[in-house]
Amino acid sequence: MTKIIQISDTHIVPEGALAYGQVDTAAALAETVATINHLLPQIGPVDLVIVTGDLTEHGTPEEYDRFKMLMADLDLPYRVLPGNHDRREPMRESFADAQWMPRTGPLDWQIDFEDFAVVGLDSLTESAAHGTLEPATLSFLTDALSGLGDKPAIVGFHHPPFAVGIRAMDAQNLHDADSLGTALSLHSGQVRLVCGHLHRSIAGLFSGSLCQVCPGTSHAVTLDQRTNAGNSLTKEPGGMLLHEWRDDGFLTHLIPVGAFPGPYPFLGVS
(Lines give C-alpha, C1' and ligand atoms only; values in the text may rest on other atoms or scores of the structure.)
Protein backbone atom coordinates (compact mmCIF):
# COMPACT_ATOMS: atom_id res chain seq x y z
CA MET A 1 0.00 0.00 0.00
CA THR A 2 1.62 3.23 -1.17
CA LYS A 3 1.57 6.22 1.18
CA ILE A 4 3.04 9.70 0.95
CA ILE A 5 2.99 12.64 3.34
CA GLN A 6 2.48 16.18 2.10
CA ILE A 7 3.69 19.26 3.93
CA SER A 8 3.59 22.79 2.57
CA ASP A 9 4.45 26.43 3.12
CA THR A 10 7.28 26.12 5.62
CA HIS A 11 8.42 29.72 4.97
CA ILE A 12 11.88 29.36 6.49
CA VAL A 13 13.60 32.68 7.28
CA PRO A 14 17.20 33.43 8.36
CA GLU A 15 18.23 32.33 11.83
CA GLY A 16 17.10 34.77 14.50
CA ALA A 17 14.21 36.11 12.40
CA LEU A 18 10.47 35.51 12.61
CA ALA A 19 8.30 35.27 9.50
CA TYR A 20 6.23 38.45 9.26
CA GLY A 21 7.67 39.39 12.65
CA GLN A 22 5.31 36.85 14.22
CA VAL A 23 6.01 33.20 13.44
CA ASP A 24 8.95 30.94 14.32
CA THR A 25 8.71 28.87 11.16
CA ALA A 26 11.92 26.95 11.86
CA ALA A 27 10.61 25.67 15.20
CA ALA A 28 7.38 24.68 13.46
CA LEU A 29 9.21 22.73 10.76
CA ALA A 30 11.35 20.99 13.38
CA GLU A 31 8.16 19.99 15.21
CA THR A 32 6.63 18.79 11.93
CA VAL A 33 9.63 16.55 11.27
CA ALA A 34 9.47 15.24 14.84
CA THR A 35 5.75 14.53 14.46
CA ILE A 36 6.31 12.54 11.27
CA ASN A 37 9.13 10.52 12.80
CA HIS A 38 7.05 9.83 15.91
CA LEU A 39 4.03 8.65 13.91
CA LEU A 40 5.88 6.38 11.48
CA PRO A 41 5.53 3.24 13.63
CA GLN A 42 1.76 3.81 13.67
CA ILE A 43 1.13 4.83 10.06
CA GLY A 44 4.10 3.44 8.16
CA PRO A 45 5.58 2.41 5.95
CA VAL A 46 5.50 5.78 4.16
CA ASP A 47 7.26 6.07 0.80
CA LEU A 48 7.92 9.79 0.46
CA VAL A 49 7.35 13.28 1.82
CA ILE A 50 6.57 16.03 -0.68
CA VAL A 51 6.80 19.74 0.11
CA THR A 52 4.43 21.70 -2.12
CA GLY A 53 6.12 25.05 -2.22
CA ASP A 54 7.13 28.12 -0.24
CA LEU A 55 10.00 26.32 1.40
CA THR A 56 11.46 29.74 2.20
CA GLU A 57 10.24 33.28 2.66
CA HIS A 58 12.68 35.05 0.31
CA GLY A 59 14.30 32.29 -1.75
CA THR A 60 17.84 32.95 -0.54
CA PRO A 61 20.64 30.37 -0.35
CA GLU A 62 20.84 30.95 3.41
CA GLU A 63 17.16 30.08 3.84
CA TYR A 64 17.43 26.95 1.67
CA ASP A 65 20.43 25.79 3.69
CA ARG A 66 18.43 26.24 6.88
CA PHE A 67 15.47 24.37 5.38
CA LYS A 68 17.70 21.44 4.45
CA MET A 69 19.32 21.42 7.88
CA LEU A 70 15.90 21.16 9.55
CA MET A 71 14.76 18.43 7.14
CA ALA A 72 17.94 16.40 7.70
CA ASP A 73 16.35 14.82 10.78
CA LEU A 74 13.45 13.41 8.74
CA ASP A 75 13.45 9.61 8.64
CA LEU A 76 12.03 9.57 5.10
CA PRO A 77 13.15 10.70 1.65
CA TYR A 78 11.58 13.93 0.43
CA ARG A 79 11.13 16.00 -2.71
CA VAL A 80 10.24 19.66 -3.06
CA LEU A 81 8.37 21.99 -5.41
CA PRO A 82 8.66 25.78 -5.66
CA GLY A 83 6.06 28.28 -4.49
CA ASN A 84 5.73 32.00 -5.07
CA HIS A 85 8.08 32.81 -2.16
CA ASP A 86 10.79 30.58 -3.63
CA ARG A 87 13.29 31.43 -6.34
CA ARG A 88 13.90 28.84 -9.01
CA GLU A 89 17.66 29.10 -9.56
CA PRO A 90 18.71 29.34 -5.88
CA MET A 91 16.43 26.39 -5.19
CA ARG A 92 17.88 24.42 -8.08
CA GLU A 93 21.40 25.14 -6.87
CA SER A 94 20.55 24.17 -3.30
CA PHE A 95 19.28 20.75 -4.44
CA ALA A 96 21.85 20.29 -7.20
CA ASP A 97 23.07 17.05 -5.60
CA ALA A 98 19.60 15.46 -5.88
CA GLN A 99 19.17 13.26 -8.95
CA TRP A 100 15.50 14.22 -9.31
CA MET A 101 16.23 17.97 -9.54
CA PRO A 102 16.15 19.13 -13.21
CA ARG A 103 19.36 20.79 -14.35
CA THR A 104 17.52 23.30 -16.57
CA GLY A 105 13.99 24.59 -17.09
CA PRO A 106 11.03 24.23 -14.74
CA LEU A 107 11.48 22.19 -11.55
CA ASP A 108 9.20 19.33 -12.63
CA TRP A 109 9.71 15.70 -11.62
CA GLN A 110 8.03 12.30 -11.52
CA ILE A 111 8.37 9.28 -9.25
CA ASP A 112 6.59 5.94 -9.69
CA PHE A 113 5.37 3.76 -6.84
CA GLU A 114 3.52 0.45 -6.81
CA ASP A 115 0.00 1.88 -6.57
CA PHE A 116 0.37 5.31 -8.13
CA ALA A 117 2.81 7.82 -9.55
CA VAL A 118 3.56 11.27 -8.16
CA VAL A 119 4.05 14.06 -10.70
CA GLY A 120 5.45 17.31 -9.32
CA LEU A 121 4.84 20.52 -11.29
CA ASP A 122 6.54 23.91 -11.08
CA SER A 123 3.86 26.64 -10.88
CA LEU A 124 6.21 29.48 -9.91
CA THR A 125 5.84 32.77 -11.77
CA GLU A 126 9.05 34.64 -11.04
CA SER A 127 8.50 38.06 -9.40
CA ALA A 128 4.75 37.45 -9.04
CA ALA A 129 2.48 35.89 -6.42
CA HIS A 130 0.13 34.03 -8.77
CA GLY A 131 0.88 30.70 -10.38
CA THR A 132 1.34 29.66 -13.99
CA LEU A 133 2.26 26.43 -15.74
CA GLU A 134 4.77 27.04 -18.50
CA PRO A 135 4.33 25.21 -21.82
CA ALA A 136 7.29 22.99 -20.89
CA THR A 137 5.56 22.00 -17.65
CA LEU A 138 2.28 21.24 -19.40
CA SER A 139 4.18 19.10 -21.91
CA PHE A 140 5.94 17.34 -19.03
CA LEU A 141 2.57 16.58 -17.42
CA THR A 142 1.02 15.37 -20.67
CA ASP A 143 3.97 13.06 -21.36
CA ALA A 144 4.01 11.77 -17.80
CA LEU A 145 0.31 10.92 -17.76
CA SER A 146 0.50 9.39 -21.22
CA GLY A 147 3.28 7.08 -20.06
CA LEU A 148 1.23 5.90 -17.08
CA GLY A 149 -1.61 4.37 -19.08
CA ASP A 150 -4.45 3.95 -16.59
CA LYS A 151 -2.19 3.97 -13.51
CA PRO A 152 -3.41 6.47 -10.87
CA ALA A 153 -1.45 9.67 -10.25
CA ILE A 154 -1.05 12.31 -7.59
CA VAL A 155 -0.26 15.61 -9.30
CA GLY A 156 1.30 18.17 -6.98
CA PHE A 157 1.98 21.89 -7.40
CA HIS A 158 1.80 25.02 -5.25
CA HIS A 159 -1.04 27.26 -6.43
CA PRO A 160 -4.68 26.06 -6.15
CA PRO A 161 -6.53 25.99 -9.49
CA PHE A 162 -9.79 27.37 -8.06
CA ALA A 163 -11.10 30.22 -5.93
CA VAL A 164 -11.96 29.58 -2.27
CA GLY A 165 -13.59 32.87 -1.29
CA ILE A 166 -10.54 34.43 0.39
CA ARG A 167 -10.31 37.30 -2.06
CA ALA A 168 -6.71 38.36 -1.45
CA MET A 169 -5.52 34.79 -2.02
CA ASP A 170 -7.87 34.01 -4.90
CA ALA A 171 -6.10 36.71 -6.91
CA GLN A 172 -2.91 34.66 -6.45
CA ASN A 173 -4.18 31.26 -7.47
CA LEU A 174 -3.20 29.30 -10.60
CA HIS A 175 -3.92 31.44 -13.66
CA ASP A 176 -4.95 29.83 -16.97
CA ALA A 177 -5.98 26.70 -15.07
CA ASP A 178 -7.99 25.51 -18.09
CA SER A 179 -4.78 24.27 -19.69
CA LEU A 180 -4.17 22.09 -16.63
CA GLY A 181 -7.69 20.71 -16.93
CA THR A 182 -7.14 19.87 -20.58
CA ALA A 183 -3.99 17.89 -19.78
CA LEU A 184 -5.70 16.03 -16.94
CA SER A 185 -8.71 15.14 -19.07
CA LEU A 186 -6.51 12.99 -21.31
CA HIS A 187 -5.62 10.60 -18.48
CA SER A 188 -7.76 7.49 -18.05
CA GLY A 189 -6.62 6.69 -14.51
CA GLN A 190 -7.60 8.28 -11.21
CA VAL A 191 -5.99 11.61 -10.38
CA ARG A 192 -5.67 13.36 -7.04
CA LEU A 193 -4.44 16.98 -7.15
CA VAL A 194 -2.50 18.31 -4.16
CA CYS A 195 -1.29 21.85 -3.60
CA GLY A 196 -0.56 24.45 -0.92
CA HIS A 197 -0.39 28.26 -0.86
CA LEU A 198 -3.55 28.79 1.20
CA HIS A 199 -2.18 27.45 4.51
CA ARG A 200 -5.54 25.76 5.11
CA SER A 201 -7.08 22.32 4.61
CA ILE A 202 -9.51 22.81 1.72
CA ALA A 203 -10.92 20.28 -0.73
CA GLY A 204 -12.71 20.90 -4.01
CA LEU A 205 -13.26 19.43 -7.44
CA PHE A 206 -11.25 20.55 -10.43
CA SER A 207 -11.66 19.04 -13.89
CA GLY A 208 -13.40 16.03 -12.37
CA SER A 209 -10.67 15.30 -9.83
CA LEU A 210 -10.50 16.05 -6.13
CA CYS A 211 -7.99 18.78 -5.31
CA GLN A 212 -6.71 18.80 -1.73
CA VAL A 213 -5.06 21.95 -0.35
CA CYS A 214 -2.57 21.26 2.44
CA PRO A 215 -2.36 23.41 5.58
CA GLY A 216 0.90 25.14 6.41
CA THR A 217 3.26 23.79 9.04
CA SER A 218 3.28 26.94 11.18
CA HIS A 219 0.39 29.35 10.53
CA ALA A 220 -2.78 29.79 8.50
CA VAL A 221 -4.10 32.31 6.04
CA THR A 222 -6.97 33.93 7.92
CA LEU A 223 -10.35 32.50 6.93
CA ASP A 224 -12.07 35.82 6.20
CA GLN A 225 -14.44 35.79 3.24
CA ARG A 226 -15.69 39.36 3.57
CA THR A 227 -15.25 41.40 0.40
CA ASN A 228 -13.17 44.08 2.15
CA ALA A 229 -10.86 41.67 4.02
CA GLY A 230 -7.13 42.19 3.73
CA ASN A 231 -4.47 39.50 3.52
CA SER A 232 -3.45 38.29 6.96
CA LEU A 233 -2.26 35.29 8.95
CA THR A 234 -3.67 33.56 12.01
CA LYS A 235 -1.60 31.45 14.39
CA GLU A 236 -3.62 28.30 13.96
CA PRO A 237 -1.99 24.89 14.55
CA GLY A 238 0.09 23.49 11.74
CA GLY A 239 -0.86 20.36 9.87
CA MET A 240 0.04 17.91 7.11
CA LEU A 241 -1.74 15.43 4.84
CA LEU A 242 -1.24 11.67 4.51
CA HIS A 243 -2.26 10.45 1.07
CA GLU A 244 -2.62 6.71 0.51
CA TRP A 245 -4.01 4.21 -1.95
CA ARG A 246 -6.54 1.92 -0.29
CA ASP A 247 -8.73 -0.61 -2.07
CA ASP A 248 -9.57 1.18 -5.33
CA GLY A 249 -8.96 4.83 -4.60
CA PHE A 250 -7.08 7.62 -2.89
CA LEU A 251 -7.68 8.42 0.76
CA THR A 252 -6.38 11.51 2.59
CA HIS A 253 -5.90 12.03 6.32
CA LEU A 254 -5.37 15.42 7.99
CA ILE A 255 -2.69 15.14 10.70
CA PRO A 256 -2.04 17.99 13.15
CA VAL A 257 1.53 18.93 13.98
CA GLY A 258 2.56 18.25 17.56
CA ALA A 259 2.39 15.71 20.36
CA PHE A 260 -0.95 15.11 22.07
CA PRO A 261 -2.12 13.05 25.07
CA GLY A 262 -3.17 9.48 24.32
CA PRO A 263 -3.95 7.00 23.03
CA TYR A 264 -6.49 6.08 25.69
CA PRO A 265 -8.55 2.89 25.32
CA PHE A 266 -12.30 3.22 24.95
CA LEU A 267 -13.21 1.49 28.21
CA GLY A 268 -16.07 -0.94 27.98
CA VAL A 269 -16.00 -0.99 24.18
CA SER A 270 -15.14 -4.32 22.61
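Up top is the structure these notes are about.
Calculation criteria
Along each chain, numbering runs from 1 in the same order as the chain's sequence is written. Whole-chain, interface and lining totals are the exception, using all residues; otherwise, since this is a predicted model, local features are given only for residues with pLDDT of at least 70 and side-chain atom pairs are given and counted only at 80 or more. Hydrogens and waters are ignored; side-chain quantities use all the structure's heavy atoms. For the exposure calls, accessible area comes from a 1.4 Å probe over protein chains only, and a residue counts as buried if that area is under 20% of its type's maximum, exposed if over 50%, partly exposed in between. Secondary structure elements follow DSSP: runs of H or I of four or more residues count as helices, runs of E of two or more count as strands, with numbering from the N terminus. Pairing between strands requires that DSSP locate at least two bridges from one strand to the other. All axes here are fitted lines through C-alpha atoms, helices being fitted over the stretch that makes contact, and every angle between N-to-C directions spans 0 to 180 degrees. Any two residues having at least one pair of non-hydrogen atoms within 4.5 Å are treated as being in contact. For classification purposes, angles smaller than 35 degrees are called roughly parallel, those larger than 145 roughly antiparallel, those between 65 and 115 roughly perpendicular, and all remaining angles oblique. Crossings are assigned a handedness: left-handed for a near helix turned anticlockwise from the far helix by less than a right angle, right-handed for a clockwise turn.

A. Structural view of the pairing of strand S12 (residues 239–246). Burial within S12 is extensive, with 7 of its 8 residues counted as buried. Of the strand pairs in this sheet, strand S1 (residues 3–7) and S12 are connected by 4 bridges, and their pairing is antiparallel. From the neighbouring strand, Gln6 faces S12, where its bridge partner is Leu241. Two strands pair when backbone bridges link them, and S12 and strand S13 (residues 249–256) are joined in this way by 8 bridges, in the antiparallel orientation. For Arg246, the partnering residue across the bridge sits in S13 and is Gly249. The loop that links S12 with its antiparallel partner S13 comprises 2 residues; one of these, Asp247, has a positive phi angle of about 60°.

B. Molecular detail of the sheet that holds strand S8 (residues 202–206). Ordered by their spatial adjacency, 6 strands build an open sheet running S4-S5-S6-S7-S9-S8, and the pairing between neighbours is mixed. The open sheet has two edge strands, strand S4 (109–112) and S8, and neither has a second partner. Between one strand axis and the next, the sheet turns by 20° as a mean value, whatever way the strands run. Summarising the sheet, S8 and strand S9 (residues 209–213) pair through 5 bridges and their orientation is antiparallel. Along S9, the bridge assignment pairs Ile202 with Val213. Seen against the sheet, helix H6 (residues 178–185) touches strand S6 (153–156), strand S7 (191–195) and S8 and runs at an angle of roughly 70° to S8.

C. A look at the packing of helix H4 (residues 135–148) against H6. Between H4 and H6, whose axes approach to 9 Å, the crossing angle comes to 15°. Considered as vectors, H4 and H6 are oriented roughly parallel to each other. As for the relative orientation of H4 and H6, their crossing is right-handed in sense. In this structure, H4 contributes Leu138, Leu141, Thr142 and Leu145 to the contact, and H6 contributes Ser179, Leu180, Ala183 and Leu184.

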